[in-house]
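Here are the chains, one letter per residue:
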Amino acid sequence: EAGVVQSPRYKIIEKKQPVAFWCNPISGHNTLYWYLQNLGQGPELLIRYENEEAVDDSQLPKDRFSAERLKGVDSTLKIQPAELGDSAVYLCASSGTSGRYNEQFFGPGTRLTVL
Amino acid sequence: GDSVTQMEGPVTLSEEAFLTINCTYTATGYPSLFWYVQYPGEGLQLLLKATKADDKGSNKGFEATYRKETTSFHLEKGSVQVSDSAVYFCALSDLQGAQKLVFGQGTRLTINP
């Protein structure tokens, strides 16, 4: 079974440029998460989707970050414009049916460098 | 809010040494607790979990016991191998249906042959 797929794996851009990250969750997983992992830190949740609905986006900086989940499957996270402080690893995860707890499966992440 | 504090790294041990990585948490209610591992170049993987007080999670020779009285979930292994070299993250998830994982800062472990 394929895991969570993310692309690109690495991205280098100049500040003020836009950037987008793509995530394809495990087939059948209705919950999708985007996490931000700064260097030397643990991941922090940016947004959580249940199917196509964003049910927790309280930590998403909405002035420059946006996300969408097309048809409740793939998801795209966008930054526009990027700032130097956005350099980090962006992780996507997915989990199965909602409940008390369902294991989150993580993708390899996209490492963003903003110059 | 909820938080997780991990033993600061990096940690370097010799093969077959005993490993302990400390983890304490602050949470309202009774969270589920987890250890995730990140091998070089790979995504985070769930290593073990415990969902209630006094539960012991175990996997691949690693163990951790949910201690409500000390709000701790320390990771232990009796004899580490070079292949255990990775970054280890302690995390919690609330039981309010949010399923949001709150992670510690991670501990980098290096095992020398």
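Residues numbered from 1 in each chain as written. Chains lettered and ligands numbered in written order. Predicted model: local features only at pLDDT ≥ 70, side-chain atom pairs only at ≥ 80, totals over all residues. Heavy atoms only, no water.

(A) Main features of the overall build of chain A. Check the secondary structure of chain A and you find zero helices and 11 strands. Traced from its N-terminal end to its C-terminal end, chain A shows the element sequence β-β-β-β-β-β-β-β-β-β-β. A globule of 115 residues ought to have a C-alpha radius of gyration of about 13 Å, and chain A, at 13 Å, matches this closely. By its C-alpha atoms, chain A is 40 × 25 × 25 Å across when sized along the principal axes. Across chain A, contacts joining residues at least 24 apart in sequence account for 53% of those joining residues at least 6 apart. Working note: accessible area of chain A is about 5800 Å², and carbon and sulfur atoms make up 49% of it. Of the charged side chains in chain A, 12 are positive and 14 negative, and the gap between their average positions amounts to 5 Å. (Helix = DSSP H or I, 4+ residues; strand = E, 2+ residues; numbered from the N terminus. Rg over C-alpha atoms; globule rule 2.2 N^0.38 Å. Contact = heavy atoms within 4.5 Å. Areas by Shrake-Rupley, 256 points an atom, 1.4 Å probe, with all protein chains shown as cover. Lys, Arg positive; Asp, Glu negative; His and termini not counted. Charge placed at Lys NZ, Arg CZ, Asp CG, Glu CD.)

(B) Layout of the side chain of T107 of chain B. All names here are of chain B. On the secondary structure map, T107 appears in strand β12 (residues 107-112). Residue T107 is classed as buried on the basis of its relative accessible area of 0%. Among the polar contacts listed, one links the side chain of T107 to the side chain of Q6, at a separation of 3.0 Å. In terms of polar contacts, T107 uses its side chain to reach the backbone carbonyl oxygen of M7, at 2.7 Å. Among residues more than four places away in sequence, those in contact with T107 are Q6, M7, G9, V11, I21, A86, V87 and Y88. (Buried < 20%, exposed > 50% of the residue type's maximum accessible area, 1.4 Å probe, protein only. Polar contact = N/O pair within 3.5 Å; in protein donor to acceptor, adjacent residues only side chain to side chain.)

(C) Quick peek at the environment of L19 of chain B. Residues and elements named next belong to chain B. Note that L19 resides in strand β3 (residues 19-21). In this structure the C-alpha to C-alpha distance between L19 and L75, which are 56 residues apart in sequence, comes to 7.7 Å. Those residues in contact with L19 that lie beyond four places of it in its chain are L13, F62, L75, E76, K77, V80 and L109.

(D) Representation of the sheet that holds strand β3 (residues 19-24) of chain A within the structure. Residue and element names in this part refer to chain A. Overall, antiparallel pairing links the four strands, which are arranged β1-β3-β8-β7 in an open sheet. Whereas interior strands pair on both sides, the edge strands pair on one side only; in this sheet they are β1 (5-7) and β7 (65-69). The mean inter-strand angle of the sheet, taken between neighbouring strand axes irrespective of direction, is 15°. (Pairing = 2+ DSSP bridges. Axes fitted to C-alpha atoms, helices over the stretch in contact; angles between N-to-C directions.)

(E) Inspection of the packing of aromatic side chains at higher detail. Tallied over the entire structure, the rule returns 11 aromatic pairs over all chains. With 6.1 Å between their ring centres and 80° between their planes, Y25 of chain B and Y66 of chain B make a pair best called edge-to-face. Remark: Y66 of chain B occurs in the loop between β8 (62-65) and β9 (75-77) and Y25 of chain B occurs in strand β4 (residues 23-26); sequence separation between them is 41 residues. Residue classification places Y25 of chain B among the buried residues on the basis of a relative accessible area of 8%. With relative accessibility at 1%, the residue Y66 of chain B sits in the buried group. Cluster of aromatic residues (ring-pair linked, three or more members): Y33, Y35 and F106 of chain A together with F34, Y36, F89 and F103 of chain B. (Phe/Tyr/Trp six-rings, centres within 6.5 Å; stacked < 30°, edge-to-face > 60°.)

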